[in-house]
Amino acid sequence: MSDTTTIEDLDFPKAVLTRVIKSSLPENISIQKEARHGVSKAATVFVSYLAATANDCARESGHKTIMTNDVLKALEAVGLADFIDRLKTDLDAFVARSKEKKKTTATADEEEEVEEEEESAMDVDESSDVAKRPRTE
């Protein structure tokens, strides 16, 4: 965080926060605007604290970039080791989805290239036919 930015300046997007809150509560429960604001500030403080702790873990490991393992160590350091297994499961699922998405995108890109090559070949064939036709004027 820069020297000019404070926790009060940071907020999660309201729509995202509202979806997270609603997905965590039973259907017949609502949340007041002030309570949602309180959850937002608490989430901001938590993420800032976890990121700072993960940064400390990264530095202790001798690197400048925070990696997944640093976040897991930070969760343990702040007393939230119970969340580590669930987070690992979610991360594995995320990685699998990302790989599948890249694979699907790569396949689609390859198919598009083949179609473009076929179209180019057709254009060449058509232009050669035009050159062979006698001129009628």
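Each value, and the rule that gives it
- Residues numbered from 1 in each chain as written.
- Predicted model: local features only at pLDDT ≥ 70, side-chain atom pairs only at ≥ 80, totals over all residues.
- Heavy atoms only, no water.
- UniProt positions renumbered as here; feature names shortened; annotations may be inferred.
- Helix = DSSP H or I, 4+ residues; strand = E, 2+ residues; numbered from the N terminus.
- Buried < 20%, exposed > 50% of the residue type's maximum accessible area, 1.4 Å probe, protein only.
- Contact = heavy atoms within 4.5 Å.
- Areas by Shrake-Rupley, 256 points an atom, 1.4 Å probe, with all protein chains shown as cover.
- Salt bridge = Lys/Arg side-chain N within 4 Å of Asp/Glu carboxyl O.
- pLDDT = per-residue confidence, 0-100.
- 1 Å grid on protein atoms, 1.4 Å probe; cavity = no way out; pocket = protein on both sides within 12 Å on 5 of 7 lines; lining within 4 Å.
- Points joined across faces, edges and corners; volume = space filled by probe spheres on them.
- Nonpolar A, V, L, I, M, F, W, Y, C, P; charged D, E, K, R; others polar.
- Axes fitted to C-alpha atoms, helices over the stretch in contact; angles between N-to-C directions.
- Parallel < 35°, antiparallel > 145°, perpendicular 65-115°, else oblique.

The name given to the protein chain in an unreviewed UniProt entry is DNA polymerase epsilon subunit D, and the organism recorded there is Coemansia spiralis. Its UniProt record gives the protein chain a comment under Subcellular location (unreviewed entry), which states: "Nucleus".

**Brief notes about the overall build of the protein chain**
Secondary structure summary: the protein chain contains four helices and zero strands in total. The N-to-C order of helical and strand elements in the protein chain reads α-α-α-α. Evaluated residue by residue, the protein chain yields a buried proportion of 11% over its 137 residues. The long-range share in the protein chain, meaning contacts at least 24 apart out of those at least 6 apart in sequence, stands at 38%. As displayed, the protein chain has an accessible area near 11,600 Å², and 54% of this comes from carbon and sulfur atoms.

**Describing the environment of Val 39**
Note that Val 39 resides in helix α2 (residues 33-60). Once the C-alpha coordinates of Val 39 and Thr 18 are considered, the two residues, 21 residues apart in sequence, prove to be 9.8 Å apart. Every residue in contact with Val 39, bar those within four places of it in the chain, is listed here: Leu 17, Ile 21 and Ile 31.

**Points about the pattern of salt bridges**
Within the structure shown, the criterion is met by two salt bridges. With its nearest N and O atoms 3.1 Å apart, the salt bridge here joins Asp 11 to Lys 41. Separated by 30 residues along the polypeptide, Asp 11 in the segment before α1 (14-24) and Lys 41 in helix α2 bring together distant segments of the chain. Close ionic contact of Asp 90 with Arg 86 constitutes a salt bridge, the shortest N to O distance being 3.4 Å.

**As for the side chain of Thr 53**
Position of Thr 53 relative to the elements: it lies in helix α2. Ignoring anything within four residues of it in the chain, the contact list for Thr 53 reads Ala 74, Ala 77 and Val 78.

**Observations regarding the confidence of the model for the protein chain**
Scored by pLDDT, the protein chain comes out at a mean of 83, with 80% of its residues at no less than 70. Within the protein chain, the lowest mean pLDDT, 74, falls on helix α4 (residues 84-132), and the highest, 95, falls on helix α3 (residues 68-77).

**Some words on the layout of surface pockets**
Considered as a void within the structure, the largest pocket measures approximately 400 Å³ in volume. For the largest pocket, the full set of lining residues is Phe 46, Leu 50, Val 71, Leu 75, Leu 80, Phe 83, Arg 86, Leu 87 and Asp 90. Secondary-structure elements contributing two or more residues to the lining of the largest pocket are α2, α3 and α4. If you tally residues by element for the lining of the largest pocket, the top one is α4, at three residues. Considered class by class, the residues forming the lining of the largest pocket number seven nonpolar, no polar and two charged. Empty space within the second largest pocket amounts to approximately 280 Å³. Taken together, Phe 12, Val 16, Leu 17, Val 20, Ile 21, Ser 24, Leu 25, Ile 31, Val 39, Ala 42, Ala 43 and Phe 46 make up the full set of residues lining the second largest pocket.

**A look at the packing of α1 against α2**
Relative orientation of the contacting elements α1 and α2 amounts to 100 degrees, with a least axis distance of 11 Å. Of the possible angle classes, the one that applies to α1 and α2 is roughly perpendicular. Taking contact as the criterion, the partners of Leu 17, Thr 18 and Ile 21 in α1 are, on α2, Arg 36, Val 39 and Ser 40. For the contact of α1 with α2, the residue count by class is three nonpolar, two polar and one charged.

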